[in-house]
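Descriptive structure summary
One letter stands for each residue in the lines below.
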Amino acid sequence: MNYYGKAQAVAERILEAFQSGNIAKAIAPIFVRRKDSVPCRAWSWGNQLLCILQGTCDARGIKQWNAVGRKVTKGSRSFEILVPLCRKATVTDDTGREKEVSVLYGFSTAPVFPVECTEGDELPEEDQEVRQWMDSLPLLEVARSWGLKVDVYDGRDRGAKGQYLRGRGIALGVKNLSTWAHELIHAADDRLGNLTERGQHWRSETVAELGGAILLEALGFEQDADRGGCYEYVAGYAENAKIEPVQACMDVLRRTCEAVNLLLDEAEKLSQIQPVEPEELTEETVEHVATA
C-alpha cells in the first residue's frame, strides 16, 4: 500500500470485507424529527439549509415574529427563502370522478429574519433531545475549531440525509453517525485542498463514505460505521462511473486516509489543550499572557 498513518489498518480490514462480501446489511436511517414548534422545521430541507448557512436555528417573516410577541430590530438584514406557488386545478381520477388538486407552477421568494435579529417575548426552549444528541457527536470540537456551524434539519423522509456546506457548516437530517462522519470527511478533504470536484462526483463521494467508515471504526464505533451502507453507497456511484466498487476505493485510498488522519490528528491536538481554571489565574499568569 502506498499510504501511511492511523487509518491504514482499518482501511485494509474494510476493503478485505468488501472483496469477500462479508458485510452486514445497511443500517436504516433514523430521521431527525424535531419536537419544537419552530415554523422553519416545516420548510423544505433546502430552505432549512439556508437557515443553517445564515448561522441561525430559527427564521421567520415580520408578521410571524409579531405573532409571537417579538419585533425585528431596526437595521436588521433579511435573507430570502423559496416559496412554492400553487394553483387549484380540476383533474379526473381513475374512477372518472373529478376532484380539485393543488398544482405547483413555480417558485417565488420571501424575506425572513433570523431570531438573533429580533427582541421581545421569550421563545419556548429548543428540542433538548436533539440538542443533546448533537452535543454528543464525536469530533464535534474539531468541526467547531474549523469554524464550521453544525446543526440539524427535520429530515422527514425526504431530501438529503446530510450536507457539507463548503467552508461554512454541516447540516444533518438523520441521526446516523455514519452520515455525520461522511460530512466530516468532506470537510477534512476540503481543508486539505483535495475537494475540487463539484456536485455528487464518484471520487469525492467515495472518499467521504469510505473515510467515514474508517473514521468511525478507528474511534471505536464499529457498528455505526455501517460497512453495508458504505458498500451500497460506493457501489451506486461506481456503477455510474463504470468502475468496480473496490477499485473506486483503491483509486482514492491515499486521499481518503489523509482526510481521516487529519481529523484524528486535530482531535488529538485539541485534547492536549488544557484550559486554565479561574483559580489558577495569578497576577504573574495574567502579566505573562499580556506580554507574550
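Up top is the structure these notes are about.
This is a predicted model, so every value here is computed, not measured.

Backbone hydrogen bonds hold the strands of a sheet together, and the pairing may be parallel or antiparallel. A sheet is described by the order of its strands in space; here three strands give the open sequence β1-β4-β3, paired in antiparallel fashion. The open sheet has two free edges, formed respectively by β1 (59–60) and β3 (79–92), since each of these has just one partner strand. Two strands pair when backbone bridges link them, and β1 and strand β4 (residues 98–114) are joined in this way by two bridges, in the antiparallel orientation. Counterpart to A59 in the pairing with β4 is P114. Contacts from helix α2 (residues 45–53) reach β1 and β3, with the element oriented near 170° to β3.

Scanning all chains against the criterion turns up two aromatic pairs. Note on F18 and Y231: the rings are 5.1 Å apart at their centroids and 65° apart in plane angle, and the pair reads as edge-to-face. Highlighted residues: F18 in helix α1 (residues 8–20) and Y231 in helix α8 (residues 227–240), separated in sequence by 213 residues. For F18, a relative accessible area of 5% gives the class buried. Plain terms: the ring middles of Y233 and Y237 are 5.2 Å apart, the flat faces sit at 45° to each other, and that makes the pair tilted. Of the two residues, Y233 and Y237 both sit in helix α8, four residues apart, roughly one turn of that helix.

What follows is about a nonpolar patch on the surface. A contiguous nonpolar surface patch, about 320 Å² in accessible area, is contributed by L82, L104 and F107. Positionally, L82 belongs in strand β3. Look at L82 and you get partly exposed, because its relative accessible area is 47%.

With respect to the helices and strands, the residue A225 is situated in the loop between α7 (202–218) and α8. A sequence separation of 119 residues divides A225 from G106, and the C-alpha atoms of the two residues are 40 Å apart. Look past the residues within four positions of A225 in its chain and what remains in contact with it is S178, A213, L216 and E217.

Calculation rules
Residues numbered from 1 in each chain as written. Predicted model: local features only at pLDDT ≥ 70, side-chain atom pairs only at ≥ 80, totals over all residues. Heavy atoms only, no water. Pairing = 2+ DSSP bridges. Helix = DSSP H or I, 4+ residues; strand = E, 2+ residues; numbered from the N terminus. Contact = heavy atoms within 4.5 Å. Axes fitted to C-alpha atoms, helices over the stretch in contact; angles between N-to-C directions. Phe/Tyr/Trp six-rings, centres within 6.5 Å; stacked < 30°, edge-to-face > 60°. Buried < 20%, exposed > 50% of the residue type's maximum accessible area, 1.4 Å probe, protein only. Patch = residues over 30% accessible without salt bridge, like charges linked within 9 Å, V, L, I, M, F, W, Y side chains within 5 Å. Areas by Shrake-Rupley, 256 points an atom, 1.4 Å probe, with all protein chains shown as cover. Salt bridge = Lys/Arg side-chain N within 4 Å of Asp/Glu carboxyl O.

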